[in-house]
Amino acid sequence: MTQPSTRLVIAVDGPAASGKGTLAAKLAAHFGLPHLDTGGLYRAVGKKTLAARGATQLTTDDAALAIEAASTLSPIDLAATDLAAEAIGQAASIVSAIPEVRAALFDYQRQFAAQPQGAVLDGRDIGTVICPDADIKLYITASPEVRAERRFKQQQAIDPNASYEAVLNDIRQRDARDMNRTTAPLKPAEDAKILNTSEMNIEQVLAAALSLITSKSI
Ligand code: C5P
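Novice: Where do I start with the pattern of salt bridges in this structure?
Specialist: Oppositely charged side chains can pair when the atoms bearing their charge come close. Enumeration over the complete set of coordinates arrives at twelve salt bridges. Residue Asp-125 is joined to Arg-102 by a salt bridge in which the shortest nitrogen-to-oxygen separation is 2.9 Å. Taken together, the residues Asp-125 in the loop between strand S3 (118-123) and helix H7 (126-130) and Arg-102 in helix H6 (residues 99-113) connect sequence positions 23 residues apart. The class for Arg-102 is buried, based on a relative accessible area of 8%. Through salt bridges with shared partners, a single ionic network connects Arg-124, Asp-178 and Arg-181.

Okay, structure coming up:
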């Protein structure tokens, strides 16, 4: 672990299955900083809205339920064990387009980033909306096919019937929704460093990120 000499806030953004969560966790461990996976917040809202609706899919008519779920989100909701499921990722991507849902989660994320030593946050709008003054902004990306392949391999380990086509389709849908929404669309901050990880493994991604961070001389 390398203790930074000053307060350090690192924003890691990028599309689904880009590896940003793994990188953010490794950077947090490296610098001894707290880490927030903000996708988990939207996933918890998605799951809670699905439960309130008694359905396995959401529509845009479920906005009121989603806003209620976001406003009453509790640590118990965040501790749910099935948040990684694809259906919940899709629900998260639907509820996250609702401005009032984003607004309800804003203070929690800002307070997390305001901790005295700093923090690492990963998501879609950390560098653009949540922490526009972050010391380091990284935008992690990879082609949809490479991201689908990585996600497919993870799923196959649990479910032998997993389908690469279905995963790729899900990733394309989520990208389109996350990038084209009006509020806080997924895009690199103007001052973000873009890392395309299509041909890199996680060790190479971490090394590249650390070299970008140390070149900014913390
Ligand atoms: O990162 P993850 O795939 O867990 O995020 C699930 C969904 O939550 C994303 O597809 C995106 O729609 C939404 N999200 C967001 N803003 C964030 C983090 C996640 O809109 N900061």
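Novice: Just checking my understanding: could you explain the side chain of Thr-49 for this structure?
Specialist: Tracing the backbone through its elements, the reader meets Thr-49 in helix H2 (residues 39-53). Beyond its immediate sequence surroundings of up to four residues, Thr-49 is in contact with Leu-58, Asp-62, Leu-65, Ala-66, Ala-69 and Val-95.

Novice: I tried to follow the domain arrangement of the chain on my own but got confused; where do I start?
Specialist: Interface size is often expressed as the accessible area that is lost when the parts come together. The domain boundaries assigned to the chain delineate domain 1 (1-34 + 118-210) and domain 2 (39-114). Here the C-alpha centroids of domain 1 and domain 2 sit 19 Å apart. Contact with domain 1, which involves 24 residues of that partner, is made by 17 residues of domain 2. Looking at the side of domain 1 facing domain 2, the largest losses of area belong to Ile-130, Arg-177 and Arg-181, adding up to 31% of the total buried there. Taken together, the links from domain 1 to domain 2 amount to two salt bridges. Among the salt bridges present, the one from Glu-86 reaches Arg-151, with a minimum N-O distance of 3.2 Å. Linking domain 1 to domain 2 there are ten residue pairs in polar contact (both at pLDDT 80 or more). Of all the secondary structure elements, the ones that give two or more residues to the side of domain 1 that touches domain 2 are S3, H7, helix H8 (144-158) and helix H9 (164-180). Residues belonging to the side of domain 1 that touches domain 2 are distributed by class as follows: eleven nonpolar, four polar and nine charged.

Conventions adopted
Residues numbered from 1 in each chain as written. Predicted model: local features only at pLDDT ≥ 70, side-chain atom pairs only at ≥ 80, totals over all residues. Heavy atoms only, no water. Salt bridge = Lys/Arg side-chain N within 4 Å of Asp/Glu carboxyl O. Helix = DSSP H or I, 4+ residues; strand = E, 2+ residues; numbered from the N terminus. Buried < 20%, exposed > 50% of the residue type's maximum accessible area, 1.4 Å probe, protein only. Contact = heavy atoms within 4.5 Å. Domains from an automatic or database assignment. Buried area = accessible area lost by both parts, 1.4 Å probe. Polar contact = N/O pair within 3.5 Å; in protein donor to acceptor, adjacent residues only side chain to side chain. Nonpolar A, V, L, I, M, F, W, Y, C, P; charged D, E, K, R; others polar.

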